[in-house]
Amino acid sequence: MKSRLSGLIAVASAIIAASAISAQAEDLKFKLTNGTDSVLTRFYSSPTGVADWEEDVFGEDVLDPGESIDITIADGRTVCKYDMRFEFEEGSNLATTEDTQDLCQMGSYTIHE
């Protein structure tokens, strides 16, 4: 009986731990606004400390000046701090820009010139 109770406690603990981990790995969502006069052609994000950029979030799309888009980062990670990289259309007077933000605390982000 004692070993069966210990086994049930272990299973319950594992379920609680798995629930806590999945609750922390929620999708990160925010609104990205292009506050510049140039077309934003590429947006990359990666957790701070990761050596390489993840895929371009926009894919084939772009973000025109003044437009906004809802961004969801669903990478399953439990981190909040992300590096972001913004690339503008060729011929723009804006250089590639990088920034680091706590995406768990941010509801929106506007890139400015």
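Residues numbered from 1 in each chain as written. Predicted model: local features only at pLDDT ≥ 70, side-chain atom pairs only at ≥ 80, totals over all residues. Heavy atoms only, no water.

- Where an unreviewed UniProt entry is consulted, the protein appears under the name Argininosuccinate lyase, with the organism given as Rhizobium redzepovicii.

## Examining the side chain of Asn34
Here comes step 1: Relative to the elements of secondary structure, Asn34 occurs in strand β1 (residues 28–34).
Here comes step 2: Overall, Asn34 belongs to the buried group, its relative accessible area being 1%.
Here comes step 3: At a separation of 2.8 Å, a polar atom in the side chain of Asn34 contacts the main-chain carbonyl oxygen of Ser38.
Here comes step 4: Beyond its immediate sequence surroundings of up to four residues, Asn34 is in contact with Val39, Leu40, Leu63, Asp64, Pro65, Gly66, Glu67, Phe88 and Ile111. (Helix = DSSP H or I, 4+ residues; strand = E, 2+ residues; numbered from the N terminus. Buried < 20%, exposed > 50% of the residue type's maximum accessible area, 1.4 Å probe, protein only. Polar contact = N/O pair within 3.5 Å; in protein donor to acceptor, adjacent residues only side chain to side chain. Contact = heavy atoms within 4.5 Å.)

## Observations regarding the sheet that holds β1
Here comes step 1: Spatially, the 3 strands line up as an open sheet ordered β3-β1-β6, and their pairing is mixed. Only two strands of the sheet have a single neighbouring strand rather than two, namely β3 (68–73) and β6 (108–111). Here the average twist between neighbouring strands, direction ignored, is 30°.
Here comes step 2: Bridge analysis of β1 against β3 gives 6 bridges, and the strand direction is antiparallel. Directly across from Leu32, in β3, lies its bridge partner Ile69. (Pairing = 2+ DSSP bridges. Axes fitted to C-alpha atoms, helices over the stretch in contact; angles between N-to-C directions.)

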